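Structural characterization, general
Take a look at the letters that make up each chain.
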Amino acid sequence: MPARPAATAAAPADLRPAVPAPGRPTLPRVDLMLLAVSIAGISLSAPLISATAAPPLAIAFWRNFMSVGVLGPYALLRHRAELRGIGCRALLLAVAAGVLLAVHFALWMPSLRMTSVASATALVTTTPLWTILLLRLMGERAPRLVRIGVAVAFAGVLVLTGVDLSLSPRALLGDALALGAGAAAAGYVLLGAEVRRTVSTTAYTLVCYTTTAAVLFGVCLVADSPLSGWPAGVWWQIVLLMVAAQLLGHSLSNRVVRTLGPSVTSTAILLETPGAALIAAVWLGQWPPAAAYPAVGLILLGLVLVARGGRNER
């Protein structure tokens, strides 16, 4: 779940309608279509991880290692001078962000084998809530609507974990791992935002993903998680995960955030939860218990309020 740049830009002239509606901003149709493809790719991630017959830690490692293999040649070709000139502070922060991203993957991917895709996805998308809490510890006070959204989403978390506890302690442990993954992603987002004040997204991402892959490789060795020995179909599933979640999912969201804005993009990405739940239900037969739907709805409502509150503040 890589950080998304906060910068915005005006929509290109050739993407604007000839007669825009008075007093209403126009969103480029092409970018809206790209955003839809991004959401579809991200939504496929959790069900695909759950269905892939390989250890979760190994999937996490290969996903990031393959991403470095795709990104590395371009970054070294176009950003070699910048990579050589990265300051010590920025480099350390990028490495720290990579470590937190590794923690995120190491917690979230196993959670998908312990609890339902719907629960794990809803809980891992609480990253904005953890970001607000971290900023509060740093002395920044959130707007009132954001605080209300945090409270509503937290109520949804309590309801959802209560539902899963009634199912099994293993499901509750999966919920805890997904929440921890969301918290780790919040630290990753904040560190990434700081680094990208002085470093390009491409250079930062290469350092970050390389660190993530290295840390996950070490975790796999310590946990004695096999990194190979699967049929070809499993490898194709891992490649599909990297393409869907990384290249189509997060890369396209990074592309459209400049024209659609961070509020529209971040709010739309919340559709990952119902999208992943629908795919898991149809493909894997994972139908969440009826009591889980109101809880997931509360979490999504709270996150929408957080996004709107952040937009109103700007």
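Scroll up for the structure.
Now for a look at the structure at hand. (Residues numbered from 1 in each chain as written. Predicted model: local features only at pLDDT ≥ 70, side-chain atom pairs only at ≥ 80, totals over all residues. Heavy atoms only, no water.)

The next subject is the environment of Ala142. By the element assignment, Ala142 lies in the loop between α6 (127-137) and α7 (144-167). Separated by 164 residues in sequence, Ala142 and Val306 place their C-alpha atoms 9.4 Å apart. Leave out the neighbours within four places in its chain, and Ala142 touches Ile132 and Arg147. (Helix = DSSP H or I, 4+ residues; strand = E, 2+ residues; numbered from the N terminus. Contact = heavy atoms within 4.5 Å.)

What follows deals with helix α9 (residues 201-222). The terminal C-alpha atoms of α9 lie 31 Å apart, and with 22 residues this matches the ideal 32 Å at 1.5 Å per residue to within 8%. Backbone geometry just after α9 places Asp224 at a positive phi near 55 degrees. (Expected span 1.5 Å × (residues − 1).)

Within this structure, the stated rule accounts for 1 cavity of 30 Å³ or more. In this structure, the largest cavity encloses a volume near 70 Å³. Lining the largest cavity are 10 residues; nearest its centre among them are Ser45, Arg63, Trp108, His250 and Glu272. Within the residue set of the lining of the largest cavity, elements represented by two or more residues are α1 (29-51), α4 (88-111) and α10 (232-260). If one sorts the elements of the lining of the largest cavity by residue count, α4 sits on top with 3 residues. (1 Å grid on protein atoms, 1.4 Å probe; cavity = no way out; pocket = protein on both sides within 12 Å on 5 of 7 lines; lining within 4 Å. Points joined across faces, edges and corners; volume = space filled by probe spheres on them.)

Now for a nonpolar patch on the surface. A contiguous nonpolar surface patch, about 250 Å² in accessible area, is contributed by Leu91, Val95, Val99 and Val103. Examined against the element boundaries, Val99 turns out to sit in helix α4. (Patch = residues over 30% accessible without salt bridge, like charges linked within 9 Å, V, L, I, M, F, W, Y side chains within 5 Å. Areas by Shrake-Rupley, 256 points an atom, 1.4 Å probe, with all protein chains shown as cover. Salt bridge = Lys/Arg side-chain N within 4 Å of Asp/Glu carboxyl O.)

The next point concerns unusual backbone geometry. Even without a glycine there, the phi angle at Asp224 is positive, about 55 degrees. Along the polypeptide, Asp224 turns up in the loop between α9 and α10. The class for Asp224 is exposed, based on a relative accessible area of 67%. (Buried < 20%, exposed > 50% of the residue type's maximum accessible area, 1.4 Å probe, protein only.)

Here the focus is the packing of helix α2 (residues 56-78) against α4. In contact at an axis separation of 8 Å, α2 and α4 are set at 140 degrees when each is read in the N-to-C sense. In this view, α2 runs oblique relative to α4, as classed from their interaxial angle. For the pair α2 and α4, the crossing hand works out as right-handed. Contact residues: Pro56, Leu57, Ile59, Ala60, Arg63 and Asn64 in α2; Leu101, Phe105, Ala106, Met109 and Pro110 in α4. (Axes fitted to C-alpha atoms, helices over the stretch in contact; angles between N-to-C directions. Parallel < 35°, antiparallel > 145°, perpendicular 65-115°, else oblique. Left-handed = near helix turned anticlockwise from the far one by under 90°.)

When you line up the elements, Ser67 lands in helix α2. A relative accessible area of 5% means that Ser67 is categorised as buried. Once residues lying within four places of it in the same chain are set aside, the contact partners of Ser67 are Tyr209, Met242 and Gln246.

Once that is clear, we can look at the nonpolar core. Ranked by internal contacts, the top residues of the largest apolar core, which has 71 residues, are Trp108, Met109, Leu160 and Tyr204. Examining the composition of this core, we find that 10 residues originate from one element, α2, more than from any other. Setting aside residues no more than four positions away along its own chain, Trp108 makes contact with Ser45, Ala46, Ile49, Ala120, Thr121, Val124, Leu177, Ala178 and Ala181. Counting residues in hydrophobic clusters, the runner-up holds 6 residues, among them Leu35, Ile39, Val256 and Ala268. (Core = buried A, V, L, I, M, F, W, Y, C linked by side-chain atoms within 4.5 Å.)

Once that is clear, we can look at the packing of α6 against helix α8 (residues 169-195). Axis separation between α6 and α8 bottoms out at 8 Å; the angle between their running directions is 60 degrees. Comparing their axes, α8 and α6 come out oblique. The handedness of the crossing between α6 and α8 comes out as right-handed. Contact residues: Thr127, Trp130, Thr131, Leu134 and Leu135 in α6; Leu179, Gly182, Ala183, Ala185, Ala186, Gly187, Val189 and Leu190 in α8. When its residues are assigned to classes, the contact of α6 with α8 shows 9 nonpolar, 4 polar and no charged. (Nonpolar A, V, L, I, M, F, W, Y, C, P; charged D, E, K, R; others polar.)

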